[in-house]
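# Architecture and fold: a report
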Amino acid sequence: MGDPRGRPELREALAEYLPRVRGVRTSAESIVICAGVRHAVELLTRVVGGPIAVEAYGLFIFRDAIAALGVPTVPIGLDEHGAVVSDLDGLDVPAVLLTPAHHNPQGMPLHPSRRTAVIDWAQRTDGYVFDDDYDGEFRYDRQPVGALQALCPDRVAYLGSTSKSLAQTLRLGWMVLPDDLIDPVIDAAGGAQFYVDAISQLTMADFITSGHYDRHIRRMRGRYRRRRDALVDALAGFDVGISGLAAGVNVLLTLPDGTEHEVLRRAGEAGVALQGLSRMRHPVAETDHRDGIIVGFAAPAEHAFAGAVDALCGVIRSSGL
Ligand SMILES: Cc1ncc(COP(=O)(O)O)c(C=O)c1O
């Protein structure tokens, strides 16, 4: 099965790519290939135990994956500066899962003072930060903020995947791990690279080292920027807010109180795939309920994008907004 961390060709390619593009501090030895960020979160949870602290709003798929291992999640607050990391001080948790470069789904970056505060928490408590850098390559207005991992590679596990850049169905991702987590994570994964096939790993390695991946990202960044701009323009006349940075492949539309359910119902009828914000809220978060919908703008084929925007506007109009 070869190296349990994954194919050396891909780990070497990532050891050149991630520092250059995301400021990650690593060498190939610290990289472990996995089947996406969700898989990384599962393996790390099995190693550190729990409970795991998570953002008050965040991807329910990861909360569910952690819960399926019998490990509880506990929410920390969220405001306009990102996760309220001072909430960690009142908790007895071995790790916190964050989206520091671009909060999912609210879309803000973690404030610089909170970046240093969460590293301080990790150093004081021997805790770990799981840095979910799911869309770090896609920032449209200026240079993206670098990976949190660079502040403290000993306490931060950096997690990335090809889900936003290529396809979620590929199930190809990577962890950049603190030294003391490498062997335990490999053990948790079964002691060998059982998850990602060698052909995908070698193809991805070649994609990166040939420069084609950089070109692909540049091209997609241009396309997604145009799509986001078109979406924002199309929504200008409606009673919806647009949350977060010009980044990523989703946008959160904030809605007037009490309207989310109706918008989702009408979207279902019209065949428009939207995610409700309520589902992203941790069930015991103290943060207020907010109404919103998350619109992914990457998926439609180029020729279908304008029609998809029209269909979305039709849903919002017919909901009386
Ligand atoms: C916040 C967040 N993290 C990570 C991912 C990617 O997860 P995976 O690599 O498991 O597909 C996504 C994709 O939807 C996401 O929204």
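## Considering the domain arrangement of the protein
Its domain assignment divides the protein into domain 1 (8-210) and domain 2 (213-318). Inter-centroid distance (C-alpha atoms) of domain 1 to domain 2 is 24 Å. At the junction of the two partners, domain 1 supplies 36 residues and domain 2 supplies 34 residues. The largest contributions to the domain 1 side of the interface with domain 2 come from Y57, F138 and Y140, which together make up 26% of the buried area.

## Digging into the sheet that holds strand β6 (residues 95-98)
Here seven strands make up an open sheet; going across it, the order is β1-β9-β8-β7-β6-β2-β3 and the pairing mixed. Only two strands of the sheet have a single neighbouring strand rather than two, namely β1 (31-34) and β3 (73-76). Put simply, the sheet's adjacent strands are angled 25° from each other on average, direction ignored.

## Observations regarding a nonpolar patch on the surface
A contiguous nonpolar surface patch, about 380 Å² in accessible area, is contributed by M1, F194 and Y195. For F194, the position within the fold is in the loop between α5 (179-188) and α6 (198-209).

## A short note on helix α9 (residues 305-318)
Look at α9: 20 Å from first C-alpha to last across 14 residues, which is about the 20 Å you get at 1.5 Å a residue. Of all the positions in α9, only F305, V309, L312, C313, V315 and I316 are classed as buried. One side of α9 holds all its buried residues, which, seen down the axis, span an arc of 155°. Turned more than 90 degrees away from the buried face of α9 sit A306, D310 and R317, all of them exposed. Count one or two residues on from α9 and you reach G320, which has phi positive near 80°.

## What to know about the site of the ligand
Around the ligand sit 13 residues, and of these V37, D132, S161, S163 and R171 come closest. Between the ligand and N104, the relevant distance is 3.5 Å, taken from an oxygen atom to a side-chain nitrogen or oxygen of the residue. Between the ligand and the protein, one listed contact pairs an oxygen atom with a side-chain N or O atom of R171 at 2.7 Å. For the ligand, the accessible surface in isolation is 400 Å², of which the surrounding protein chains cover 95%. Residue composition of the shell around the ligand, grouped by class: four nonpolar, five polar and four charged.

## Some words on the sheet that holds strand β13 (residues 292-296)
Adjacent strands of a sheet form backbone hydrogen bonds with each other and so pair up, either parallel or antiparallel. A sheet is described by the order of its strands in space; here four strands give the open sequence β10-β11-β13-β12, paired in antiparallel fashion. Looking at strand neighbours, the two that pair on one side only are β10 (241-243) and β12 (275-276), the edges of this open sheet.

Calculation notes
- One numbering rule holds for all chains: residues counted from 1, following each sequence as written.
- It should be noted that, the model being predicted, local features are given only for residues of pLDDT at least 70 and side-chain atom pairs only at 80 or more, the latter also being counted only at that level, while totals for whole chains, interfaces and linings use all residues.
- To get the side-chain values, take all heavy atoms of the structure and skip hydrogens and water.
- Reported domain spans reflect what an automatic or database domain assignment gives.
- Contacts were defined at the residue level, with two residues in contact if any of their heavy atoms lie within 4.5 Å.
- Buried area counts how much accessible surface, traced with a 1.4 Å probe, disappears from two parts once they are put together, with both parts' losses summed.
- Strands qualify as paired when DSSP identifies two bridges or more between them.
- Under the scheme used here, helices are H or I runs from DSSP no shorter than 4 residues and strands are E runs no shorter than 2 residues, and both carry numbers assigned from the N terminus.
- Simply put, an axis is a line fit to the C-alpha atoms, just over the touching stretch for a helix, and the angle between two N-to-C directions goes from 0 to 180 degrees.
- Each patch is assembled from residues with relative accessible area greater than 30% and no salt bridge, linking like charges that lie within 9 Å and nonpolar side chains (Val, Leu, Ile, Met, Phe, Trp, Tyr) that lie within 5 Å.
- Throughout, the Shrake-Rupley method with a 1.4 Å probe supplies accessible areas, and for residues the shown protein chains are the sole cover considered.
- By definition here, a salt bridge exists when the distance from a side-chain nitrogen of Lys or Arg to a carboxyl oxygen of Asp or Glu is within 4 Å.
- Given the number of residues in a helix, its expected span is that number minus one, multiplied by 1.5 Å.
- Relative accessible area decides the class of each residue, using a 1.4 Å probe on protein chains only: under 20% of the type maximum gives buried, over 50% gives exposed, and in between gives partly exposed.
- In this description, one arc is meant: the one made by directions from the helix axis to the C-beta atoms.
- Here a residue is near a molecule or strand as soon as one of its heavy atoms is found within 4 Å of it.
- For this analysis, a polar contact is any N or O atom pair within 3.5 Å, provided that within protein one partner can donate a hydrogen and the other can accept it, and provided that sequence-adjacent residues contribute only side-chain to side-chain pairs.
- Charged means Asp, Glu, Lys or Arg here, nonpolar means Ala, Val, Leu, Ile, Met, Phe, Trp, Tyr, Cys or Pro, and polar covers whatever is left, Gly included.

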